[in-house]
Every structure is written in structure tokens, then in C-alpha cells.
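Overview (structure and organization)
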Amino acid sequence: MSEKKAEMSQAMKEKLAPKNFVKNPIKGTKFTVMVSSAKGGVGKSTFAVNLAFSLKQLGKNVGLLDADIYGPSLPKLIGRNEKPENKDGKYIVPIDSHGVQCMSMGFLVEETTPMIWRGPMVISAIKTLTERVLWNDLDIIVVDMPPGTGDTQLTFAQHIKVDGAIIISTPQDIALLDVKRGIQMFDKTKINIFGLVDNMSFFRADDGKNYNIFGEGGVEKTAKEFDKDFLGKIPLHQDLRESADKGMPLTLSDTKHEISLIIKEIAEKILKKLN
Ligand code: ADP
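Residues numbered from 1 in each chain as written. Predicted model: local features only at pLDDT ≥ 70, side-chain atom pairs only at ≥ 80, totals over all residues. Heavy atoms only, no water.

To continue, consider the site of the ligand. Near the ligand, the surroundings consist of 16 residues, among which Gly 41, Ser 45, Thr 46, Pro 235 and His 237 are the closest. At 3.0 Å from an oxygen atom of the ligand is found a main-chain nitrogen or oxygen belonging to Gly 43. With respect to the ligand, the backbone of Ser 45 contributes an N or O atom lying 2.9 Å from an oxygen atom. Relative to its unbound accessible area of 560 Å², the ligand is 78% covered by the protein chains. (Near = heavy atom within 4 Å. Polar contact = N/O pair within 3.5 Å; in protein donor to acceptor, adjacent residues only side chain to side chain. Areas by Shrake-Rupley, 256 points an atom, 1.4 Å probe, with all protein chains shown as cover.)

Right, let's talk about helix α6 (residues 173-188) for a bit. The first and last C-alpha atoms of α6 sit 23 Å apart over 16 residues, in line with the 22 Å expected at 1.5 Å per residue. Listed in full, the buried residues belonging to α6 are Ala 175, Leu 176, Asp 178, Val 179, Gly 182, Ile 183, Met 185 and Phe 186. One face of α6 carries all of its buried residues, which in axial projection span an arc of 165°. Set apart from the buried face of α6 by more than 90 degrees, the exposed residues are Asp 173, Ile 174 and Leu 177. In this structure, the buried side of α6 is in contact with β1 (29-36), α5 (151-159), β8 (164-169), β9 (193-199) and α7 (218-225). Directly after α6, the chain includes Lys 190, whose backbone phi takes a positive value near 60°. (Helix = DSSP H or I, 4+ residues; strand = E, 2+ residues; numbered from the N terminus. Expected span 1.5 Å × (residues − 1). Buried < 20%, exposed > 50% of the residue type's maximum accessible area, 1.4 Å probe, protein only. Arc of directions from axis to C-beta. Contact = heavy atoms within 4.5 Å.)

Attention now goes to the pattern of salt bridges. Per the stated rule, a full pass over the model turns up 11 salt bridges. Two residues, Lys 161 and Asp 163, come together in a salt bridge whose shortest N-O distance is 3.0 Å. Residues Asp 187 and Lys 228 are paired through a salt bridge, measuring 3.2 Å at the closest nitrogen-oxygen approach. Of this pair, Asp 187 sits in helix α6 while Lys 228 sits in the loop between α7 and β12 (230-234), and the two are 41 residues apart along the sequence. (Salt bridge = Lys/Arg side-chain N within 4 Å of Asp/Glu carboxyl O.)

Turning next to the environment of Lys 161. Along the chain, Lys 161 turns up in the loop between α5 and β8. Separated by 88 residues in the primary sequence, Lys 161 and Ser 73 place their C-alpha atoms 24 Å from one another. Leave out the neighbours within four places in its chain, and Lys 161 touches Lys 23, Asn 24, Pro 25, Lys 30 and Thr 32.

With mixed pairing, the eight strands of this open sheet are ordered in space as β5-β6-β2-β7-β1-β8-β9-β12. Of all the strands in the sheet, just β5 (95-97) and β12 have a single pairing partner and so form its edges. Direction aside, the axes of adjacent strands within the sheet are offset by 25° on average. Across the sheet, α7 touches β8, β9 and β12, and the angle it forms with β9 is around 160°. (Pairing = 2+ DSSP bridges. Axes fitted to C-alpha atoms, helices over the stretch in contact; angles between N-to-C directions.)

Now for the layout of surface pockets. Each pocket or cavity is described by its volume, and for the largest pocket that value is around 380 Å³. Around the largest pocket, the lining comprises 24 residues; the ones closest to its centre are Val 42, Gly 43, Lys 44, Thr 46 and Met 200. Looking at the lining of the largest pocket, the elements with two or more residues in it are α2 (44-57) and α8 (238-246). Tallying contributions element by element places α8 first for the lining of the largest pocket, with five residues. (1 Å grid on protein atoms, 1.4 Å probe; cavity = no way out; pocket = protein on both sides within 12 Å on 5 of 7 lines; lining within 4 Å. Points joined across faces, edges and corners; volume = space filled by probe spheres on them.)

The following block contains the structure:
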């Protein structure tokens, strides 16, 4: 790297993770785990919700924070759409879904209201969701991040103590390119990457054969290339899509389903890393 480039890269690192920022855990929580994807539509929110219920079944007190301000999907994914209770005009009480404490911008605005906000408003919304929600004695909060590398990522990187991030992607080349950007963002912001998950990895047809619709092995290869752990492969499965549309996470409604068992294995790996 040229001297100029190295200087710029150092300046960028300091901008993203300046030494003088104080990072606090989200109040009421022990560990914060981010679920992130560099690209939209790869199944990040579906995975985050199912992971949260899986962790709950493993005996943990779990919270689920939908940090996607522009496109919140948690209300739909858990089939809940009520306004959360307000305490002392200052705090928001999370919505309990089968024992998982949930919060999303989607609970605070009408479902069809478009969020046309500038950066500072997004930062302020993230601060509300992380500082004003009465998370109650959580072991783990799973944060469903918006895709990309924008204001929300920067706000978390600068202000919140994150214990680890999971990056989820489909094995498609165009998605992997974004994953590489995502890995570098976490490395620059000094957020530990727990590992990569390959979603919509393959489709098992009625003939019993597996079809690699989005390509094969790309996520695992990317994990190796960047020396990150590979956490698992989730197949493309109609049951997962249907359960998401019904607002009833598969890891809650059918704990023995092959997808639930795969997500449980990933959840166990995360718990090991947190220990
Ligand atoms: P993102 O949060 O990355 O934008 P979503 O979780 O909203 O993605 O998923 C996008 C779509 O893909 C949704 O319709 C969801 O139900 C579906 N989906 C996600 N993962 C799978 C999977 N493994 N098999 C089948 N459908 C899936």
C-alpha cells in the first residue's frame, strides 16, 4: 500500500472507530449480537427472528431489536402490530412475543408510512431504540441491522458495545461482493465477526436432488478467504417463507423442522462464542 493510501486508510479507521467514543452495552442486556447482511433480500430478518426464538428455546432471556428504520419487518414476522406501552412519557416497553422481548420502528409508526429521513434522524431513532426501551434482564439481544454500511452501522460502531456480528448472505457472486465490503466494515469498526451464514444455500426438489440455485460454496469460500468462521447452510425452503408470511417463526412453531435444527446449531455456536 502506498504511503498516501495507508494514511487515508488510518484516517478512515479513526473516523469509524475513534478512540474517544465510549461504547456501552444496550441497557438491560448482557450481550449484543448483530445480524447483518451487506445486501437486502438475502433472508437477514427471517434469520434474525428465527435465531432469537432458537436462543430462547436454549434457555436464554432474549430480546429482538429491529434496527431497520427505513424498512422495519419485525411486526410482520412475528404477526404483531400494536403500539407499545409508554412509561413515564419517556420509555418504551418492548412487546412480548412468546417470551421474546421485541422492538421495532414498525411498532411506532403506521405500517404503510414511508420513513423519509435524513441521517441525523436515523441516528436519533437508533438512540431511542437502544436507550429508551425498557429491555428487561436480557442475556442476549439480537439486532436485525439494515443492509449496507450506513448511519445505523456507524451509530452502533461508535456508541454500542457489540459482542459479535453474524453476516448472512446467499451464495450468489453479486451478494458475496457486498459481503466482502461488510467484513471490512466490521474489521475497521472493530466489531468481532462471529461468522458467516449461507442462506438459500440449495433447494431440495421432489426428486431428492439438491439444486444450487444461487451458486455453490461461495459463502464458505469467502469465510475462509477472510479467516472467519462458517456457521452453517440454510436451504431454500417453502416452509420458512410461509412461516415468515404467517408471522409465526418456524423455530417457534416447529422446533423439529430441519431448518429449525440447523438454526439451533448456529444458535449453539453463538452461545459458545459468547461464553
Ligand atoms: P432481508 O432481511 O435480507 O431483506 P428477508 O428476511 O425479508 O430478507 O427475506 C426475503 C424473502 O426471502 C422473504 O420473503 C423471506 O420469507 C424469504 N426467505 C428468506 N430465507 C429463506 C429461505 N431459506 N427459504 C425460503 N425463503 C426464504
